[in-house]
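A look at the structure
What follows is the residue order along each chain.
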Amino acid sequence: MNDEIKEKVNERYSEIAKSGSSCCSGSSCCTPTPTQHARQVGYTREELENVPESAILGLGCGNPTGLAELHEGETVLDLGSGAGLDVFLAANRVGQEGKAVGVDMSEEMVDRARKGAEDGDFSNVEFKVGEIEDLPMEDNSVDIVISNCVINLSTDKTKVFGEIRRVLKPGGRAIISDLVSEEELPEELKQDARAWSECLGGILKKEDYLESIKSAGFEDIEILNQSKFSDPQIDKRLTGEVTSIKIEVKKS
């Protein structure tokens, strides 16, 4: 089942990378547009005007860079970086003395992000093909990890948080924007690989999600904010139960 889920996730996001949108083709069925969606989940107009347009795909459930308080010279790692939106925003903040790295399992997404970096003349970014359960990064090499509605796609969230802890420098931090549920998911969704690829099947109850962070060895965990999440693509069986949550964790 895990391999089937991984295949479906890779397939879906590779198709999004090729089409340039998370919704169906044709403007009549894309409501909201990718830019409108980005504004709805927390990105400002100014932020979106300072990244390659190709990086805006209408994905995500928050704006982790907006909460991260990034500083010049820091090294930032984005898990599930897609077309590079959060990587480019981070790169703008850490400056030429810093670096922003994106990791994504989809080669098509990485190719799209690299093209965006070239077109936008971003010299302080790097995009790598890899899985968030096995990050292609050295131990203690990153000041801050960010992730935007990606960890829910993993079938082993504790392993993901373990990898986050491994790559963070002592004193480093992670800002995670993700989806959780107030109630247990219907069993048929948990067993539906397509639902996983659509950010549905892998949603955990909030307390289980937080427990996966603790199980990875983090002790300093703070919920920065949370709100009900609504999206036309969210399964109707979950209406009113899905929460967009923003969490900060620190490595001692």
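Just above sits the structure.
The notes below deal with the structure included here. (Residues numbered from 1 in each chain as written. Predicted model: local features only at pLDDT ≥ 70, side-chain atom pairs only at ≥ 80, totals over all residues. Heavy atoms only, no water.)

The subject of this paragraph is the pattern of salt bridges. Summed over all chains, the structure comprises 13 salt bridges. Between Glu184 and Lys190 there is a salt bridge whose closest N-O contact spans 2.5 Å. A residue is classified by how much of its surface remains accessible, and Glu184, at 44% relative accessible area, is partly exposed. Among the charged side chains, a network of salt bridges with common partners joins Asp139, Glu163 and Arg166. (Salt bridge = Lys/Arg side-chain N within 4 Å of Asp/Glu carboxyl O. Buried < 20%, exposed > 50% of the residue type's maximum accessible area, 1.4 Å probe, protein only.)

This brings us to the pairing of strand S3 (residues 125-129). In this structure, strand S2 (residues 99-104) lies alongside S3, joined through 5 bridges in parallel fashion. By the bridge assignment for S3, Ala100 is matched with Val125. After leaving S2, the chain enters helix H6 (residues 107-119) and then returns to the sheet as S3, a path that is right-handed. (Pairing = 2+ DSSP bridges. Helix = DSSP H or I, 4+ residues; strand = E, 2+ residues; numbered from the N terminus. Right-handed = clockwise from strand over helix to strand, strands pointing away.)

Extensive coverage of strand S1 (residues 75-79) is indicated by the burial of 5 of its 5 residues. The two faces of S1 match: Thr75, Leu77 and Leu79 on one face and Val76 and Asp78 on the other face are all buried. Where S1 lies against S2, 5 bridges are found, and the strand directions are parallel. Note on S2: the bridge partner recorded for Thr75 is Lys99. The handedness of the S1 to S2 crossover, carried by helix H5 (residues 85-94), is right-handed.

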